[in-house]
Amino acid sequence: TGAALLAKKRRVPVFVSDAGKIKEDYKKVLVEHDIEFEEGGHSANRVLAANEIVKSPGIPDSASLVRGAVEKGIPVISEIEFASRYTKATIVGITDNNGKTTTTLLTGHILKKAGLDVAVGGNVGTSFAGLVAERDYPLYVLELSSFQLDGIRDFRPHVAILTNITPDHLDRYGYQMRNYVASKFRIAMNQRDTDHFIHCADDPETIAGLGLHTVKARRWPFSLTTTQPQGAYLQDKTLHLTVHQNHFSMSILELALQGRHNVYNSMAAGIAARVLEVRNETIRESLTDFQNVEHRLERVSTVNEVEFINDSK
């Protein structure tokens, strides 16, 4: 719907086709903006008459209509690729298996606290295309799935964050981990040496992937186990963050998000904020007062010295 709305606003002829039933909220938007659509099945002839297809990331490349498009030479792209054509904004892109929603929201929180005009979305909240259709923000923080990255051609984030890679969705990747890792590294494929690639130095799949995939961007590693002269690391329960000549540190006991994985998330978001020249004190305040999304390692209460955590996502 976001991609269709953006196409309509940019006067690109658009038709929406859904094999299932379109949710009423989305249907209302399509009707209000006079966007043609069909539901409950695809009109293959009409779909395959398109100059280009923006595919929902949940649809596999093995789907018959997608294969038909490829055979006819019709480009099949993702919504983030389509949206990126209509903005010159700075983009922070975040992908991983566990924690990308938290890292996305935390990064957005820091940048908003810094007074920047930023939109947060992608695989969480409003789609990238939906945000661009709303208005062209100067800065976007986007959660990106591997499925979305599979459909990019020229999409280029100024700042890319890859926090970890663990086996997931392997049925979409021929049950080959290397194919899944390659999908994740697509986030950096169009980056230049003036861009930034923030990654976990403790994640074996990421480190192996760096040996196989070209990353032109400046690398910023973060680690809980080894000192990083540039990037971030943990030492004696103190988080240290260094970007260029600027050093910042704080106790992990001050972090709003507790737990080993959340130290990683805080490091990644902190580095992203620093390369975008956010002040240290703003980063400190933001890492202290951030409220995480519901149901994701959310503190509930402590009863009889037992801490209860809601992780029902």
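See the structure shown above.
Scoring rules and cut-offs
Residues numbered from 1 in each chain as written. Predicted model: local features only at pLDDT ≥ 70, side-chain atom pairs only at ≥ 80, totals over all residues. Heavy atoms only, no water. Buried < 20%, exposed > 50% of the residue type's maximum accessible area, 1.4 Å probe, protein only. Helix = DSSP H or I, 4+ residues; strand = E, 2+ residues; numbered from the N terminus. Arc of directions from axis to C-beta. Contact = heavy atoms within 4.5 Å. Polar contact = N/O pair within 3.5 Å; in protein donor to acceptor, adjacent residues only side chain to side chain. Pairing = 2+ DSSP bridges. Axes fitted to C-alpha atoms, helices over the stretch in contact; angles between N-to-C directions. Salt bridge = Lys/Arg side-chain N within 4 Å of Asp/Glu carboxyl O.

### Regarding helix α12 (residues 280-289)
Of all the residues in α12, the buried ones are N280, T282, I283, S286 and L287. One side of α12 holds all its buried residues, which, seen down the axis, span an arc of 160°. Here the buried face of α12 lies against α6 (100-113), β13 (246-251) and α11 (260-275).

### Some points on the side chain of N265
Residue position: N265 is located in helix α11. Among the polar contacts made by the side chain of N265, one reaches the side chain of T103 at a distance of 3.0 Å. At 3.0 Å, the side chain of N265 and the side chain of N262 are in polar contact.

### Quick look at the sheet that holds β13
Here nine strands make up an open sheet; going across it, the order is β6-β7-β5-β8-β9-β10-β11-β12-β13 and the pairing mixed. Every interior strand has two partners, whereas the edge strands, β6 (118-122) and β13, have only one. Here the strands of the sheet are splayed against their neighbours by 15° on average, with no regard to which way each runs. In terms of strand pairing, strand β12 (residues 238-243) meets β13 through six bridges, oriented antiparallel. Looking at β13, one finds that H240 is bridged to S249.

### Remarks on the pairing of β12
Among the six residues of β12, five are classified as buried, and the element is accordingly described as predominantly covered. The pairing of strand β11 (residues 231-235) with β12 spans five bridges and is classified as antiparallel. Looking at the pairing, Q235 lines up with T238 of β12. Linkage of β11 to β12, two consecutive antiparallel strands, is achieved through a turn of two residues, within which D236 is found at a positive phi near 50°.

### Topic: the pattern of salt bridges
By the definition in use, this model includes 10 salt bridges. The closest approach of N and O atoms between K27 and E24, which form a salt bridge, is 3.4 Å. Of this pair, K27 and E24 both sit in helix α2 (residues 24-32), three residues apart, which is roughly one turn of the helix. Among the salt bridges present, the one from E39 reaches K27, with a minimum N-O distance of 2.7 Å. Residue E39 is located in strand β2 (residues 36-39), and its partner K27 is located in helix α2; the two are separated by 12 residues in the primary sequence. Overlapping salt bridges, with partners in common, bring together K21, E24, K27 and E39 in one network.

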